[in-house]
Amino acid sequence: MIDTYKSWLGDPDTALIAVGVADVWKTFSLVALITLAGLQAVPQELREAAAIDGAGPFVRFRTVTLPVILPPLTIACVLRTIEAFKVFDIIWVMTHGGPLDSTKSLSILVYQEAFSFRHAGYGGPWPCSRSRSP
C-alpha cells in the first residue's frame, strides 16, 4: 500500500529516470526486433556441433551465439545512441526540460533558445547565423 504521493516528474532526482524509462519503453521494440533477427541468423549446425563437443549453455552462447549477434547488437546500440541524442518529444511532453532543468537535453535547449527566448542565432544549426555588423 502506498502511504504518500510521489511526483516522479516533479522531483529533480527522479524525473530523468522517469523520462529514461519512457524512452527505453518507446524504443525497446526496435532493439528487440534487431536482436531477434540476429538470433535467427545463428546457424543451427553450429549450436548442435558445440553441444556434441560438450559445451555447456554458457560456453555455447559465448562462443557460438554472441559472435553472430554482435554486429546486429552493435547496430542497435549505435541507432539507440543517435536517437538518445535527438530525443525531444518524450522530454517535451513529460517535463518541458524541467524540473530545475534536470531533464533538459541539447535538443530542448536549442528549441528554447530559438523559439521560447527568441534567440534565433543561438538556436540555429550554424554558428555564423548571427548577423555581423560591418
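Residues numbered from 1 in each chain as written. Predicted model: local features only at pLDDT ≥ 70, side-chain atom pairs only at ≥ 80, totals over all residues. Heavy atoms only, no water.

S.K.: What is the right way to look at the overall build of the chain in this model?
M.R.: Counting secondary structure elements, the chain contains six helices and zero strands. Counted from the first residue to the last, the chain has its helices and strands arranged as α-α-α-α-α-α. Taken over the C-alpha trace, the chain has a radius of gyration of 23 Å; the compact-globule value for 134 residues is 14 Å, which it surpasses by more than 25%. Overall, the chain is about 75 × 60 × 20 Å in size when its C-alpha atoms are taken along their principal axes. Counting only carbon and sulfur atoms, one obtains 68% of the accessible surface of the chain, whose full area is about 9,900 Å². (Helix = DSSP H or I, 4+ residues; strand = E, 2+ residues; numbered from the N terminus. Rg over C-alpha atoms; globule rule 2.2 N^0.38 Å. Areas by Shrake-Rupley, 256 points an atom, 1.4 Å probe, with all protein chains shown as cover.)

S.K.: Could you clarify how one ought to interpret the packing of aromatic side chains in this entry?
M.R.: Think of a pair of aromatic rings as described by two things: how far the centres are apart, and how the planes are tilted against each other in angle. Enumeration according to the criterion identifies four aromatic pairs in this entry. Look at tryptophan 92 and tyrosine 111: their rings are 4.8 Å apart centre to centre, the planes differ by 70 degrees, and that puts the pair in the edge-to-face class. Separated by 19 residues along the polypeptide, tryptophan 92 in helix 4 (residues 89-94) and tyrosine 111 in helix 5 (residues 106-116) bring together distant segments of the chain. Judged by relative accessible area, tyrosine 111 falls into the partly exposed class, the value being 29%. Here a set of aromatic residues connected by ring pairs shows up, and it is made of Phe88, Trp92, Tyr111 and Phe115. (Phe/Tyr/Trp six-rings, centres within 6.5 Å; stacked < 30°, edge-to-face > 60°. Buried < 20%, exposed > 50% of the residue type's maximum accessible area, 1.4 Å probe, protein only.)

S.K.: Is there a simple way to think about the pattern of salt bridges in this case?
M.R.: Enumeration according to the criterion identifies five salt bridges in this entry. A salt bridge links arginine 80 to aspartate 23, with the nearest nitrogen and oxygen atoms 2.7 Å apart. Of the two residues, arginine 80 is situated in helix 3 (residues 57-86) and aspartate 23 in helix 1 (residues 12-40); the sequence distance between them amounts to 57 residues. With respect to burial, arginine 80 and aspartate 23 carry one shared label: buried. Salt-bridge contacts for glutamate 83 lead to arginine 80; the nearest nitrogen and oxygen are separated by 3.1 Å. Residue glutamate 83 and its partner arginine 80 are located together in helix 3, separated by three residues, close to a single helical turn. (Salt bridge = Lys/Arg side-chain N within 4 Å of Asp/Glu carboxyl O.)

S.K.: Hey, could you run me through unusual backbone geometry in this one?
M.R.: Most peptide bonds are trans, and most residues other than glycine sit at a negative phi. Here glycine 98 and proline 99 are connected by a cis peptide whose omega angle stands at -10 degrees. Its location among the elements puts proline 99 in the loop between helix 4 and helix 5. Here leucine 100, not a glycine, exhibits a phi torsion of approximately 55 degrees, which is positive. Among the structural elements, leucine 100 can be located in the loop between helix 4 and helix 5. Note on leucine 100: relative accessible area 77%, which makes it exposed. Positive phi is not limited to glycine here, since arginine 118 has a value of about 60 degrees. Of note, arginine 118 is situated in the loop between helix 5 and helix 6 (120-123). The class for arginine 118 is exposed, based on a relative accessible area of 71%.

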